[in-house]
Amino acid sequence: MRKKNILITTIGSLDCISSWLCKTRNFDVALIYYPKEIKPDVKKRLESYADFVFYQEGFKYEVIQKIIRENPELLEYDYYWMPDDDVFLKKGNVNFLFDQAKKYQLGLSQPSTTKENASWKLLRHQRGYEIRYSNFIEVMCPLFSLKSLKTCLKSFSYSKSGWGLDILWSSLISEKIGIIDSAVVRHTKKIDLEKGTLYQKLLQETGKTPKEELKLIRFQHDLTYKPEVYSYVYKKKSFIGFWKKAIHKYHSKQKGHCQMSQDKTSETAPKKRGGSKFSYNTYVSSKHKYFYMASGKVACSKIKMTLHELEGYLVPIDPSIVQHRKEEGREFVKNLLDFDKKECVEILSSKDWFRFCFVRNPYYRLFSAYKSKFQKLSDPQYNWLKDKIREKYDYPVRNGHPAGIVAFRDFVKYLQEEPKVLSDGHWNVQTSHLSFGAIPYDFIGRVENFTEDFQYVLTKLNASDDLIARVAERVNTTPQVYHAAAYDKELADSVYELYEEDFENFGYDRDSWLFDFEGKNEYPPIII
């Protein structure tokens, strides 16, 4: 029985097909194989994957147009997804893509992208959103409704490279255009305008470059365009989505109008407006107009103690008193939830406030947390976790119980197998913890360059020269060890997999476990 949706595309490689397919599908598959020669095993695989297989040389959209016109039964579906054959579906599945397009009545859409080999920053994945309504979808992996496809099909032959079709499509269709952030694709190949096979073929056949095709389409159809996002649908039960909604509403009111989506599934404010993360880890000063989000094992003791002194409060000898903000008769820097909702929105969005945080290389941070929490045998705080790891990995029994110092490798393995433990504030994913992408930070400093970066922050906050000079004094430190002594490639790969978002978002080198960069100004701060 024919499905209501179809994945139809040209293909020369089978590398990414497995990420598109699933056991139960709400879509048919039509594959157009373009290489001149086809091996018997490839032909067999194509026919096992697809409901329709065609063999046709040529450029992607020109060939799709030809196949659809020669096979009118292909114009009987509701939705059509057309990914390039080097597009890997990293998050979500194709069933979900079609469901989202139907749910939000999108005429033209696509999944969001990772930043690898991506042309358009606008299309990169944004946390906290289901859908972003836009005026632009690129040619790499568009999803059409039947109505929009019929409108745009004629244009498929206007550009062999595909350049320019995307801006033309948005001018032709009347339906909604959306970026589906709840699904993510990765473009597996680097775009090469000079040596790429597609572009060399284009130059040979037409004498044109992709840029020349784009220029011609813009001239012929009188197109001016500025890709942008108009409105949003927020992810259910997402605190990041909640704050993004609040921030966008605030900015819309400032402009005197509201561009918000009226989608009824958007999240409303949680009863406690953020829970422990926004009460325990935020430090907010009306006096100095700053917002600081603290992260465990990222110099937070030093920063909190210094901010406490900046406010003019008595500084305790024990950093844990400031950490927990608990001692009768003592004043402490406020947290975000000490302010009302209107004030929170201003703090998280106004240009009058300075929002900052610090990050740390995930390899170094995780090992520092391990040294601090697992090698102190007298510290009972994590005995429960140590016992679980010993039991899970068959540590030797002493006095009736598994015993011994927990190995770093077993700690990492446990985080992989029991992801709930990853939420602990001493080794959680910094990207998520900091609400990166939702909170508009003005400055993201680095532990690797802490003295210079924190002195910059204090200068912005008009701190005294004496306080700025004392930043170099260290507080609550963990003994230093060369990190390469703790890692090998297999272990480093495991940690990279756990913290891939942090490596990508904060620009840390995947191979940095081999070197000791801390304190050597290897990475610059992030000034927004």
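What comes next concerns the included structure. (Residues numbered from 1 in each chain as written. Predicted model: local features only at pLDDT ≥ 70, side-chain atom pairs only at ≥ 80, totals over all residues. Heavy atoms only, no water.)

1. With respect to the packing of helix α15 (residues 383–392) against helix α16 (residues 408–417)
For step 1, the next point in the chain: Across the interface, α15 lies against α16 with an axial gap of 10 Å and an inter-helix angle of 90°. Overall, the two elements α15 and α16 adopt an arrangement that is roughly perpendicular. Residues Leu385, Lys388, Ile389 and Lys392 of α15 lie in contact with α16, whose contacting residues are Asp410, Phe411, Tyr414 and Glu417.
For step 2, the next point in the chain: When the residues that make up the contact of α15 with α16 are grouped by side-chain class, the tally is four nonpolar, no polar and four charged. (Axes fitted to C-alpha atoms, helices over the stretch in contact; angles between N-to-C directions. Helix = DSSP H or I, 4+ residues; strand = E, 2+ residues; numbered from the N terminus. Parallel < 35°, antiparallel > 145°, perpendicular 65-115°, else oblique. Contact = heavy atoms within 4.5 Å. Nonpolar A, V, L, I, M, F, W, Y, C, P; charged D, E, K, R; others polar.)

2. Points about the pairing of strand β3 (residues 52–55)
For step 1, the next point in the chain: Only one face of β3 is buried: it carries Phe52 and Phe54, and the other face, with Val53 and Tyr55, is open.
For step 2, the next point in the chain: Sheet topology places strand β2 (residues 27–33) next to β3; four bridges connect them, and they run parallel. Across the sheet, the residue bridging to leucine 31 is valine 53, located in β3. (Buried < 20%, exposed > 50% of the residue type's maximum accessible area, 1.4 Å probe, protein only. Pairing = 2+ DSSP bridges.)

3. As for the packing of aromatic side chains
For step 1, the next point in the chain: The full count for this structure, using the stated rule, is 41 aromatic pairs.
For step 2, the next point in the chain: Residues tyrosine 61 and phenylalanine 156 carry aromatic rings whose centres are separated by 5.1 Å and whose planes lie at 75° to one another, so their mutual orientation is edge-to-face. Placement of the pair is tyrosine 61 in helix α3 (residues 60–70) and phenylalanine 156 in the loop between α5 (146–152) and α6 (165–172), with a sequence separation of 95 residues.
For step 3, the next point in the chain: The interplanar angle of 85° and the centroid separation of 6.0 Å between the aromatic rings of phenylalanine 358 and phenylalanine 454 together place this pair among those described as edge-to-face. Linking phenylalanine 358 in strand β13 (residues 354–359) with phenylalanine 454 in helix α18 (residues 450–460), this pair joins segments that are 96 residues apart in sequence. By the burial criterion, phenylalanine 358 is buried, and phenylalanine 454 matches it.
For step 4, the next point in the chain: Each residue in the set Tyr363, Phe367, Tyr370, Phe374, Tyr382, Phe408, Phe411, Trp427, Tyr487, Tyr496 and Phe503 is aromatic and connected to the rest through ring pairs, giving one cluster.
For step 5, the next point in the chain: Residue placement shows arginine 25 over the ring face of phenylalanine 27; its charged tip is 5.3 Å from the ring centre.
For step 6, the next point in the chain: Above the face of the tyrosine 283 ring, arginine 325 is positioned so that its terminal group lies 3.8 Å from the ring centre. (Phe/Tyr/Trp six-rings, centres within 6.5 Å; stacked < 30°, edge-to-face > 60°. Lys NZ or Arg CZ within 6 Å of the ring centre and 35° of its normal.)

4. So, the nonpolar core
For step 1, the next point in the chain: Counting 50 residues, the largest nonpolar core has Leu366, Phe408, Trp427, Tyr487 and Tyr499 as its most contacted members.
For step 2, the next point in the chain: Counting only elements with at least two residues in this core, the list comes to β12 (290–293), α13 (341–347), β13, α14 (362–374), α15, α16, α20 (489–498) and α21 (500–506).
For step 3, the next point in the chain: The element contributing the most residues to this core is α14, with seven residues.
For step 4, the next point in the chain: When neighbours within four sequence positions are excluded, tyrosine 487 is seen to be in contact with Tyr363, Leu366, Phe367, Phe408, Ala492, Val495 and Trp513.
For step 5, the next point in the chain: Residues Ile8, Ala30, Val63 and Ile173 belong to the second largest nonpolar core, which totals 40 residues. (Core = buried A, V, L, I, M, F, W, Y, C linked by side-chain atoms within 4.5 Å.)

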